[in-house]
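Descriptive structure summary
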Amino acid sequence: MLVGTGSDVGKSLIATGLCRIFLQDGYSPAPFKAQNMALNSYATPDGLEIGRAQAVQAEAAGIPCSSDMNPILLKPSGEHTSQVVLNGKPHGNRDAYSYFRKEGKEELRQLAHEAFDRISSSYNPIVLEGAGSISEINLRDGDIVNMSMAAYAKANVILVADIDRGGVFASVYGSVMLQTPEDRKRIKGIIINKFRGDLRLFEQGRELIEDLCKIPVLGVVPMANHIKIDEEDSVAIENKNKTISGNKINVGVVTLPHISNFTDFNVLEQHPEVNLFYITSPAEIDNADIIIIPGSKNTLADLNHLRKKGFAERIIRAREAGKSVIGICGGYQMMGKMITDPDGVEGDIRELPGLGLLPVSTTLTQSKTTRQVQFRFLDSEEICEGYEIHMGNTVSSAALTEDMDGNKDGSLADERCFGSYIHGILDNSVVLDYILAPYRRSDSKTDFDYHAFKESQYDALAAWLREYVDIDRIYKIMTNND
């Protein structure tokens, strides 16, 4: 089990790399995270919802993802409120105070344990991941995902620390010493992550940590910005590109307050013909050839934000000027004529006019559509893949896609203006070529296989960890020989 000295220390990335290493070494690994909090989610093959990180880890492990890999998912919908997804299905909204109290946690803990039992009966080894910091002792009694989960799984634990944010000695030592004696014994190794500079300069630091904690440092892993793995947390957007390019197709993604599933655009980030940047002010819309309105966990609130801050007017003007505007999921809903929320699914706003760019109207509903989908795009015969996660019905008269059962999705105004509920739609080359075509020079087309690219990145991550982490020592820890 990988646990952390804090959030965003790199637990998910290292778990992904270990899944690929164990697969390469002939094992049948699977990921597990009892409780996750994320806006980026994914649909399993059987139409259930899990955190994106566990779907990525399953892909690295070479297996289909399952709701048992992430039985409890919290999707923030406001400053203090989250939608609770249990075993892949939504179970209403909870405020943070009531959720994180000790009372009522036994049912959730039992649910997590049952999911772990199911997944561990089919795969070996299981790569467990904790959440946030293991030293939040005020939350210990209600813990579901960290050391209590390690105790139930009888997992040996590796503590991951982020040296880039500073204070690594205090965070490692404090995290270890704040554990109960029983939990402290479970921690069998430490990984120092996100190191910058010459590793030789930290040799003494490594020895000091081992002397302080009486736990071996299994590796010091340099910053791996060159390896591109899907991120889960919206904090990653802060580090995304914000600049334009003079010799590439500029694609701008509008940064919504409740943006979700921004991994939809990673393919554009890696495409050799594209400069992807994230739009943070209305004036930046003018710099984009293609404007994308992404998914949202609170569509009406974000649509209201676009109107109040001047984004909506700029997007409409850009469309009138002949630029492309594309909406995915919540962004697709915003591009229509009207969004209504008669049951207050998202909050107090009951209806708002959309941007009026597509001839569609949306009614938000209590029921949630969650499914993987194979489809054909427009008149293409190529079979494409994606997934849907949305609460709402949209009526369209000019469909963009049709799945294998004849169900239609999306709306097309023309080649420079369309929307779709399908996440991952841009990962399909026929769709990507379609949106880039109006802006390509005759000699600029580049074939880009995003699936092959992702596989190469999982292999690169595995090689990176093998270089800087003592994998043989990890195997010994896993077999209780160390």
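This is a predicted model, so every value here is computed, not measured. (Residues numbered from 1 in each chain as written. Predicted model: local features only at pLDDT ≥ 70, side-chain atom pairs only at ≥ 80, totals over all residues. Heavy atoms only, no water.)

Structural notes on the layout of surface pockets
Rules: Of the grid points, spaced at 1 Å and generated over the protein atoms alone, those admitting a 1.4 Å probe that cannot get out make up cavities, while open sets with protein on both sides within 12 Å along at least five of seven lines make up pockets; any residue with an atom within 4 Å of a point is treated as lining. Grid points are joined across faces, edges and corners, and a volume is the space filled by probe spheres set on the points. Where helices and strands are cited, they refer to DSSP runs of H or I of at least four residues and of E of at least two residues respectively, numbered from the N terminus. Charged means Asp, Glu, Lys or Arg here, nonpolar means Ala, Val, Leu, Ile, Met, Phe, Trp, Tyr, Cys or Pro, and polar covers whatever is left, Gly included.
Of the volumes computed, that of the second largest pocket is approximately 840 Å³. Lining the second largest pocket are 34 residues; nearest its centre among them are Y42, E59, E385, D427 and K454. For the lining of the second largest pocket, the secondary-structure elements that each account for two or more residues are α2 (52–61), β22 (369–377), β23 (384–390), α13 (429–436) and α14 (450–468). For the lining of the second largest pocket, the element with the most residues is α2, which contributes five residues. Residues belonging to the lining of the second largest pocket are distributed by class as follows: 16 nonpolar, nine polar and nine charged.

Looking at the sheet that holds strand β26 (residues 408–409)
Filter applied, for reference: In short, DSSP must find at least two bridges between two strands for them to pair.
Across the sheet, four strands lie side by side as β23-β22-β25-β26; this open sheet has antiparallel pairing. Strands with a single pairing partner mark the edges of an open sheet, and in this sheet they are β23 and β26.

Considerations on helix α15 (residues 471–478)
As a reminder of what qualifies: Buried means the residue's accessible area, taken with a 1.4 Å probe over protein chains only, is under 20% of the maximum for its type, while exposed means over 50%, and partly exposed covers the values in between. The arc refers to the directions leading from the helix axis to the C-beta atoms. In what follows, a contact means two residues having at least one pair of non-hydrogen atoms within 4.5 Å. Nitrogen and oxygen atoms within 3.5 Å of one another constitute a polar contact, given that in protein one can donate a hydrogen and the other can accept it, and given that sequence-neighbouring residues count only through two side-chain atoms.
Of all the residues in α15, the buried ones are I471, I474, Y475 and I477. The arc enclosing the buried residues of α15, seen along the axis, measures out at 160°, which places them on a common side. In the core, the buried residues of α15 are packed alongside α1 (11–24), β10 (157–162), β11 (187–195), β12 (217–222) and α14. A side-chain oxygen of the first residue of α15 lies 3.4 Å from the backbone nitrogen of D472; this N-cap is D470. Positive phi appears at N480, one or two residues downstream of α15, with a value of about 60°.

Structural notes on the packing of aromatic side chains
Quick note on the threshold: Between the rings of Phe, Tyr and Trp (Trp by its six-membered ring), a pair exists once the centres lie within 6.5 Å; its type follows the angle of the planes, with under 30 degrees stacked, over 60 edge-to-face, and the other angles tilted.
Scanning all chains against the criterion turns up 15 aromatic pairs. Measuring from ring centre to ring centre gives 6.4 Å for F116 and Y152, while their planes differ by 80°; the resulting arrangement is edge-to-face. Here F116 is found in helix α4 (residues 105–120), whereas its partner Y152 is found in helix α5 (residues 147–153), with 36 residues between them in sequence. By relative accessible area, Y152 is classed as partly exposed at 31%. Arranged with centres 5.2 Å apart and planes meeting at 75°, the rings of F377 and Y434 form a pair that is edge-to-face. Of the two residues, F377 sits in strand β22 while Y434 sits in helix α13, which places them 57 residues apart along the sequence. Residue classification places F377 among the buried positions, given a relative accessible area of 2%. Taken together, the aromatic side chains of F22, Y27 and Y475 make up a single cluster linked through ring pairs.

Digging into a nonpolar patch on the surface
Note the cut-off: Like charges within 9 Å and nonpolar side chains (Val, Leu, Ile, Met, Phe, Trp, Tyr) within 5 Å are joined into patches, using only residues over 30% in relative accessible area that form no salt bridge. Using the Shrake-Rupley algorithm and a 1.4 Å probe, accessible areas are obtained, with residue cover drawn only from the displayed protein chains. Criterion for a salt bridge: a side-chain nitrogen of Lys or Arg within 4 Å of a carboxyl oxygen of Asp or Glu.
A surface patch of nonpolar side chains, about 420 Å² in accessible area, is lined by F169, Y173, M177, L208 and L212. The dominant element in the nonpolar patch, judged by the number of residues it contributes, is helix α6 (residues 168–177), at three residues. You can see F169 is positioned in helix α6. Judged by its relative accessible area of 33%, F169 is partly exposed.

Quick look at the nonpolar core
Note that soluble globular proteins tend to have their nonpolar side chains buried in a common cluster. Cut-off, in case you're wondering: Buried Ala, Val, Leu, Ile, Met, Phe, Trp, Tyr and Cys residues form a nonpolar core when they are joined through side-chain atoms within 4.5 Å.
With 78 residues, the main nonpolar core has F32, L128, V172, I190 and I192 as its most contacted residues. Contact partners of L128, with chain neighbours within four places excluded, come to M1, L2, F32, F116, M149, A153 and A155. Listed in part, the 61 residues of the second largest apolar core include I279, I292, F311 and M334.

Considering unusual backbone geometry
With an omega of 0°, the peptide bond between N124 and P125 qualifies as cis. By the secondary structure assignment, P125 is in the loop between α4 and β9 (126–128). At N261, a position not held by glycine, the phi torsion is positive, near 50°. Mapped onto the fold, N261 is located in the loop between β14 (259–260) and α9 (266–270). The class of N261 is buried, set by a relative accessible area of 2%. Although it is not a glycine, C329 sits at a positive phi angle of roughly 55°. We classify C329 as buried; its relative accessible area is 6%.

Notes on the sheet that holds strand β20 (residues 351–353)
Worth spelling out the cut-off: Convention adopted: a line fitted to C-alpha atoms gives each axis, helices being fitted over their contacting stretch, and angles between N-to-C directions are expressed from 0 to 180 degrees.
Overall, mixed pairing links the four strands, which are arranged β20-β19-β21-β24 in an open sheet. If you trace the sheet from one side to the other, it starts and ends with β20 and β24 (393–395), each paired once. Strand-to-strand twist in this sheet, taken as the mean axis angle between neighbours without regard to direction, amounts to 10°. Of the pairings in the sheet, the one linking strand β19 (residues 338–340) to β20 comprises three bridges and is antiparallel in character. For T340, the partnering residue across the bridge sits in β20 and is E351. Relative to the sheet, helix α10 (residues 299–308) contacts β19 and β20, its axis offset from that of β20 by approximately 40°.

Re the environment of C329
Position of C329 among the secondary structure elements: in the loop between β18 (324–328) and α12 (330–334). Each C-alpha atom, one on C329 and one on G419, is 7.6 Å from the other, the two residues being 90 residues apart in sequence. Apart from residues no more than four positions distant in its own chain, C329 is found in contact with G295, I389, H390, S420, Y421 and H423.

The values reported here are purely geometric and, on their own, carry no functional implication.
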